[in-house]
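One-letter residues, chain by chain:
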Amino acid sequence: MEKNDIKRFRQRLLAIRKEHLKEKGNLEDEYLHKQVRDEVGNLSVSPRHIADVAGDEYEQEKEIFIIKNISNIIREIDEATLRMDNGSYGICEKCKEDIPIERLEIIPFTRLCIKCQEGKTKT
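Here the structure is a predicted model, which is why all the values come from computation and not from measurement.

1. What to know about the packing of aromatic side chains
Applying the stated criterion across every chain yields a total of 1 aromatic pair. Ring plane angle 50° and centroid distance 5.9 Å describe the contact between F9 and Y89, whose orientation is recorded as tilted. Within this pair, whereas F9 is found in helix α1 (residues 3-41), its partner Y89 is found in the loop between α2 (50-86) and α3 (101-106), the two being separated by 80 residues in sequence. Exposure class is identical for F9 and Y89. Each is buried. Just above the ring of F9 sits the side chain of R8; from NZ or CZ to the centre is 4.7 Å.

Below is the structure:
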């Protein structure tokens, strides 16, 4: 892969990372504020319907899942920039072939070519 491509992908990865960090921070803040509101709201003596409790728990689990997913993407981006530094960016970790630029355009932090991702190659 050419240096210009690496530079372009690095800039793109850093921009995606910045967006994801901002989104993660916003979700974490929102989640914590919601937790505090819920704790204060639970001090009342009025009973809560079980469906309301279940709905709240579902929403909390969904928010935690989204935050974890964003954290995983940030980690993948960080690891992709490390691969750029050590010269292995754009090379499939499984078959060691070049990952097509078109695939990197779609998922710039990918580690595998499409064939290996789909399990169609032998190792």
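2. Some remarks on the pattern of salt bridges
Inspection of the entire model under this criterion finds 12 salt bridges. Of the charged contacts in the structure, one is a salt bridge between R8 and E105, with a shortest N-O distance of 2.5 Å. Within this pair, whereas R8 is found in helix α1, its partner E105 is found in helix α3, the two being separated by 97 residues in sequence. Taking the shortest distance from any N to any O, the salt bridge between R111 and E93 comes out at 2.8 Å. Residue R111 is found in the loop between α3 and α4 (114-117), and its partner E93 is found in the loop between α2 and α3; the two are separated by 18 residues along the sequence. Given a relative accessible area of 21%, R111 falls into the partly exposed group.

Quick notes on the rules
Residues numbered from 1 in each chain as written. Predicted model: local features only at pLDDT ≥ 70, side-chain atom pairs only at ≥ 80, totals over all residues. Heavy atoms only, no water. Phe/Tyr/Trp six-rings, centres within 6.5 Å; stacked < 30°, edge-to-face > 60°. Helix = DSSP H or I, 4+ residues; strand = E, 2+ residues; numbered from the N terminus. Buried < 20%, exposed > 50% of the residue type's maximum accessible area, 1.4 Å probe, protein only. Lys NZ or Arg CZ within 6 Å of the ring centre and 35° of its normal. Salt bridge = Lys/Arg side-chain N within 4 Å of Asp/Glu carboxyl O.

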